[in-house]
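Listed below are the residues making up each chain.
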Amino acid sequence: MKATLEFNLPEDQSDFDLAVNGAKAQSALWEMDQWLRVQYKYMPDDEYSKDKYETFEECREKLREIVYNNGLNFE
């Protein structure tokens with residue numbers, strides 16, 4: 001199966017950019033997800049607070065919810 005996308009450039013430049021940069025956007029979301037994970041999983045003892053831990057964890061959960069609700073995944 002093949003798929004071909006056609007754009008009328010320069011009129012459709014923003015749509016073209018979205019189409020060709022999708023993988024970059026997914027990669028950026030993955031990097032953010034992993035950064036959030038590291039922040040709470042490997043938080044140094046001297047920086048630990050329950051509120052801080054829960055905030056990082058909640059942000060990661062929300063990011064994953066948004067990603068999945070938009071039909072994307074990290075696998």
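Definitions and limits used
Residues numbered from 1 in each chain as written. Predicted model: local features only at pLDDT ≥ 70, side-chain atom pairs only at ≥ 80, totals over all residues. Heavy atoms only, no water. Axes fitted to C-alpha atoms, helices over the stretch in contact; angles between N-to-C directions. Helix = DSSP H or I, 4+ residues; strand = E, 2+ residues; numbered from the N terminus. Parallel < 35°, antiparallel > 145°, perpendicular 65-115°, else oblique. Left-handed = near helix turned anticlockwise from the far one by under 90°. Contact = heavy atoms within 4.5 Å. Nonpolar A, V, L, I, M, F, W, Y, C, P; charged D, E, K, R; others polar. Core = buried A, V, L, I, M, F, W, Y, C linked by side-chain atoms within 4.5 Å. Buried < 20%, exposed > 50% of the residue type's maximum accessible area, 1.4 Å probe, protein only. Phe/Tyr/Trp six-rings, centres within 6.5 Å; stacked < 30°, edge-to-face > 60°. Salt bridge = Lys/Arg side-chain N within 4 Å of Asp/Glu carboxyl O.

### Looking at the packing of helix 2 (residues 22-41) against helix 3 (residues 50-69)
- Closest axis-to-axis distance for the helix 2/helix 3 pair is 8 Å, and the angle between their directions is 160 degrees. As judged from the angle between their axes, helix 2 and helix 3 are roughly antiparallel. Seen along the crossing, helix 2 lies across helix 3 with a hand that is left-handed. Of helix 3, the residues touching helix 2 (which contributes Leu29, Trp30, Met32, Asp33, Gln34, Trp35, Leu36, Arg37, Gln39 and Tyr40) are Tyr53, Phe56, Glu57, Cys59, Arg60, Leu63, Arg64 and Val67.
- Classifying every residue of the contact of helix 2 with helix 3 by side-chain character gives eleven nonpolar, two polar and five charged.

### A few points about the nonpolar core
- Counting residues in hydrophobic clusters, the biggest one holds seven residues: Leu36, Tyr40, Met43, Phe56, Leu63, Val67 and Phe74.
- Broken down by secondary-structure element, the contributors of at least two residues to this core are helix 2 and helix 3.
- The residues contacting Val67, other than those within four sequence positions of it, are Leu29, Leu72, Asn73 and Phe74.

### Quick notes on the packing of aromatic side chains
- Evaluation of the coordinates by the stated rule reveals four aromatic pairs.
- Ring centres of Tyr40 and Tyr53 lie 5.3 Å apart, and the angle between their planes is 70 degrees; this geometry places the pair in the edge-to-face category. Highlighted residues: Tyr40 in helix 2 and Tyr53 in helix 3, separated in sequence by 13 residues.
- On the basis of relative accessible area, Tyr40 is assigned to the buried category, the value being 14%.
- Judged by relative accessible area, Tyr53 falls into the partly exposed class, the value being 26%.

### Quick look at the pattern of salt bridges
- Taken as a whole and judged by the stated rule, the model has five salt bridges.
- Residue Glu47 pairs with Lys52 through a salt bridge whose shortest N-O separation is 3.7 Å.
- Among the residues examined, Glu47 registers a relative accessible area of 42% and is labelled partly exposed.
- Given the relative accessible area of 33%, Lys52 is considered partly exposed.
- As a salt-bridge pair, Glu54 and Lys50 come within 3.9 Å of each other at their nearest N and O atoms. A residue pair is termed a helical-turn pair when its members lie 3 or 4 positions apart in one helix, as Glu54 and Lys50 do in helix 3 at four residues.
- With relative accessibility at 36%, the residue Glu54 sits in the partly exposed group.
- By relative accessible area, Lys50 is classed as exposed at 54%.

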